[in-house]
Amino acid sequence: MTKLLILLTFFSSCFSSVTMKEIRLQESDKVLVVYLSRTNNTKALAEIIHQEVGGDLVPLELINPYPENYRAIVKQVAEENETGFLPPLKTKVDIKKYETIFIGFPTWGMQLPPSLKSFLTENNLEGKTVIPFNSNAGYGVGSSFDTIELLCPKSKILEGFSIKGGKERDGIFLAIKGEKEKEAKVAIKSWLSKIKLGVVD
Ligand SMILES: Cc1cc2nc3c(=O)[nH]c(=O)nc-3n(C[C@H](O)[C@H](O)[C@H](O)COP(=O)(O)O)c2cc1C
C-alpha cells in the first residue's frame, strides 16, 4: 500500500510538472506587449517585461509620425488632446490572438498619449486582461491609467507600473540604461510577482 502511494505521488508530480510547463507556454503565446516610445525609455521597460513574460513585443507606430522637435510635439499633442483627435495607426494587431495585453506609454501632457487612445478605440479588449506600464519625467501617470479604465470597460485591468524615465525638455533622453535599467528590472520583477504574472522557472 505504501509502495503504491509512493508510486502514485511520483507519477502525479511528473504529470503536474509537464502540465505546468505547457500551460505557461500556451499563456506566453497569448501575451502581447505593445508600447509607444519616443526616446526609448518605455521601450526599455517593454523589453524587460517581454523577457519576463514572453509573447509578442510590438512597438506602436503612427501613419504620420510626430515631429522631432520637442516644442512642436508638445503643441501638437495638446491640440489633439483638446479636440479628441485619434491619430491613425500604422501598427495593426490581430487582437483576437491575445488574452493578456501589456500596454506601455510615456505620460504626455499628464494624459494617455493620443495614439494609445487610438489603439484602445480600434481594438476590442473585452474580456482580456490589460496591464498598463509607464515612464514619465517624474510627474507621474496623470490621468493615463484612469483613461485606460474608461476605454476598456469590459477588460480586467491589473495594477499598473510606473517609473521615472527621461526628461526631453531638459535634454535627458534615454535615462533607463545602465544602473537605472538594473533598478527597473528589479522593480518590474517585483511588480510582476505582485500581480501574479511573473514566470516561474
Ligand atoms: C509631448 C510630451 C509630453 C510630455 N508630457 C509629460 C508630462 O506631462 N509629465 C511627465 O512626467 N513627463 C512628460 N513627458 C516626458 C516623458 O513622459 C518621459 O520623458 C518619458 O520617459 C518618455 O518615454 P519614452 O522615452 O518611452 O518616449 C512628455 C514628453 C513628451 C515628448
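Per-chain numbering applies: the sequence of each chain, read as written, is numbered from 1 onward. Restriction of local features to residues with pLDDT of at least 70 applies here, the model being predicted, together with a cutoff of 80 or more for giving and counting side-chain atom pairs; totals for whole chains, interfaces and linings are based on all residues. For the side-chain quantities, the full set of heavy atoms in the structure was used; hydrogens and water were omitted.

Describe the side chain of Lys-128, and please don't skip the residues or the numbers.
Along the chain, the position of Lys-128 falls in the loop between α4 (114-122) and β4 (129-136). In this scheme, a residue with accessible area under 20% of its type's maximum is buried, one over 50% is exposed, and one in between is partly exposed, where area comes from a 1.4 Å probe on protein chains only. When charges are counted, Lys and Arg are positive and Asp and Glu negative, with His and the chain ends excluded. A carboxyl oxygen of Asp or Glu within 4 Å of a side-chain nitrogen of Lys or Arg is what we treat as a salt bridge. Summary of buried charges: Lys-128 has no salt-bridge partner, and the nearest side chain of opposite charge, Glu-99, is 7.4 Å away. Contacts are assigned to residue pairs with any non-hydrogen atoms lying within 4.5 Å of each other. The contacts of Lys-128, once residues within four sequence positions are left out, are Ile-95, Lys-96, Tyr-98, Glu-99, Ile-101, Ser-155 and Lys-156. Working definition: helices are DSSP H or I runs of at least four residues, strands are E runs of at least two. Numbering for both runs from the N terminus.

Account for α4, with residues named and values stated.
Within α4, seven of the nine residues are buried, which leaves the element mostly enclosed by the surrounding structure. Close packing links the buried residues of α4 with β1 (31-35), α3 (70-83), β3 (100-106) and α5 (144-151).

Account for the site of the ligand, with residues named and values stated.
Whether a residue is near a molecule or strand depends on its heavy atoms: it is near if one of them lies within 4 Å of it. Residues in contact with the ligand amount to 22 residues; listed here are only the nearest, Ser-37, Arg-38, Thr-39, Thr-42 and Met-110. Within the side chain of Thr-39, a nitrogen or oxygen atom sits 2.5 Å from an oxygen atom of the ligand. Two N or O atoms form a polar contact when they lie within 3.5 Å of each other; inside protein one atom must be a possible hydrogen donor and the other a possible acceptor, and for residues adjacent in sequence the pair counts only when both atoms belong to side chains. One of the backbone nitrogen or oxygen atoms of Tyr-139 is found 3.2 Å away from an oxygen atom of the ligand. When the ligand is considered free in solution it has 640 Å² of accessible area, and contact with the protein chains removes 93% of it. Spatially, the ligand is embedded in the largest pocket. Broken down by secondary-structure element, the contributors of at least two residues to the shell around the ligand are α2 (41-53), α3 and β4. Accessible surface is estimated by sampling points in the Shrake-Rupley manner with a 1.4 Å probe; for residues, cover comes only from the protein chains shown. As defined here, a cavity is a set of points on a 1 Å grid over the protein atoms alone where a 1.4 Å probe fits but cannot get out. A pocket is an open set with protein on both sides within 12 Å along at least five of seven lines, and residues line them when an atom is within 4 Å of a point. Molecules are considered to sit inside a cavity or pocket once more than half of their atoms lie within 2 Å of its grid points.

Can you break down the nonpolar core residue by residue, with the values?
Only buried residues count toward a nonpolar core. Its members are Ala, Val, Leu, Ile, Met, Phe, Trp, Tyr and Cys residues joined through side-chain atoms within 4.5 Å. Within the largest apolar cluster, 27 residues are counted, with the highest numbers of intra-cluster contacts made by Leu-32, Val-34, Ile-101, Ile-103, Phe-119, Leu-120 and Leu-125. Secondary structure elements with two or more residues in this core: β1, α3, β3, α4 and α5. Other than its neighbours up to four places away in sequence, Ile-103 contacts Val-34, Leu-116, Phe-119, Leu-120, Leu-125, Val-130, Ile-131, Pro-132 and Phe-133. In terms of nonpolar packing, the next biggest core, distinct from the first, is built from 20 residues, Ala-44, Leu-45, Val-53 and Ile-195 among them.

Residues and numbers for the packing of aromatic side chains, please.
The rule is short: rings of Phe, Tyr and Trp, with Trp giving its six-membered ring, pair when the centres are within 6.5 Å, and they are stacked under 30 degrees, edge-to-face over 60, tilted in between. Summed over all chains, the structure comprises four aromatic pairs. On the numbers, 6.2 Å between centres and 85 degrees between planes, the contact of Phe-105 with Phe-145 is edge-to-face. Here the residue Phe-105 occupies a position in strand β3, and Phe-145 occupies one in helix α5, the gap between them amounting to 40 residues. Under the relative-accessibility criterion, Phe-145 is labelled buried at 18%. The interplanar angle of 40 degrees and the centroid separation of 5.2 Å between the aromatic rings of Phe-161 and Trp-191 together place this pair among those described as tilted. Placement of Phe-161 in strand β6 (residues 161-164) and of Trp-191 in helix α6 (residues 179-194) is noted, with a sequence separation of 30 residues between them. With relative accessibility at 5%, the residue Trp-191 sits in the buried group. These aromatic residues form a ring-pair network of at least three members: Phe-102, Phe-161 and Trp-191.

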